[in-house]
Amino acid sequence: MSLPAHPAPWFDPAVQQPGRTAALGAARRIPSRTAQLRVPGERSGCGQARAFTERVLTDWELDHCLDDALTIVSELTANALVHAVRPDTDGETGSEVRLRLTLRPSHLLCAVTDQSQSIPTSPHTVDPLQEHGRGLFLVEALAQHWGWTRTTATGKTVWAMLPTERG
């Protein structure tokens, strides 16, 4: 698996953007829908992210994408909670993790933002029974595209795209 050397924000060519012409001519003008969740920096955070994703995708009538989306959201959220959330001196979590689901005309974008500078990596394990280190491999296997984008000097968003058309 390789990560982009200079990850760029992903854009939907079907949506008009300043300075860009629509690649598809008269592109479909379906408005995007977005749902966001602030994920608690504790063990229950992944479960809350999964429950939130299930509610949102059911509401958006994307049940056919649900299993893959739940796995991707679980892995991205778990990575952020394990690697980016650090407790403050008073025991509270000082880092914020946010989950954003965006429905576009032809895909679902699952994005998790954290306040860590560390770049997402997949460790190479020699032990086939190792429990950790497979999350990004799963994301890569399930997603149409995935990557990460630096959001601030100390934060990043890791995202994955799933096609929404029934297959």
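Residues numbered from 1 in each chain as written. Predicted model: local features only at pLDDT ≥ 70, side-chain atom pairs only at ≥ 80, totals over all residues. Heavy atoms only, no water.

### Some thoughts on the overall build of the protein
Okay, so step 1: Looking only at helices and strands, the protein features 3 helices and 5 strands.
Okay, so step 2: Residues classed as buried in the protein amount to 39% of the 167 residues present.
Okay, so step 3: For the protein, the share of sequence-separated contacts (at least 6 apart) that also reach a separation of at least 24 residues comes to 62%.
Okay, so step 4: Accessible surface for the protein amounts to roughly 9900 Å². Of this, 51% is attributable to carbon and sulfur atoms. (Helix = DSSP H or I, 4+ residues; strand = E, 2+ residues; numbered from the N terminus. Buried < 20%, exposed > 50% of the residue type's maximum accessible area, 1.4 Å probe, protein only. Contact = heavy atoms within 4.5 Å. Areas by Shrake-Rupley, 256 points an atom, 1.4 Å probe, with all protein chains shown as cover.)

### So, the environment of Ala49
Okay, so step 1: One can find Ala49 in helix 1 (residues 44-59).
Okay, so step 2: In this structure Ala49 comes out as buried when scored by relative accessible area, which is 0%.
Okay, so step 3: Separated by 25 residues in the primary sequence, Ala49 and Ser74 place their C-alpha atoms 7.1 Å from one another.
Okay, so step 4: Leave out the neighbours within four places in its chain, and Ala49 touches Leu37, Val73, Thr77 and Leu99.

### Section: the pattern of salt bridges
Okay, so step 1: In the structure shown here, the tally under the stated rule is 3 salt bridges.
Okay, so step 2: Glu96 is the salt-bridge partner of Arg38, the closest N and O atoms lying 3.4 Å from each other. Here Arg38 is found in strand 1 (residues 33-39), whereas its partner Glu96 is found in the loop between helix 2 (66-83) and strand 2 (97-103), with 58 residues between them in sequence.
Okay, so step 3: Its relative accessible area of 29% is what places Glu96 among the partly exposed residues.
Okay, so step 4: It is possible to trace a salt-bridge network through shared partners that takes in Arg38, Glu96 and Arg98. (Salt bridge = Lys/Arg side-chain N within 4 Å of Asp/Glu carboxyl O.)

### Quick look at the environment of Leu108
Okay, so step 1: With respect to the helices and strands, Leu108 occurs in strand 3 (residues 107-114).
Okay, so step 2: Leu108 sits 36 residues away from Gln144 along the chain, and the two C-alpha atoms are 10.0 Å apart.
Okay, so step 3: If sequence neighbours within four positions are ignored, Leu108 has contacts with Leu57, Trp60, Ala69, Leu101, Thr102, Leu103, Ala160, Met161, Leu162 and Thr164.

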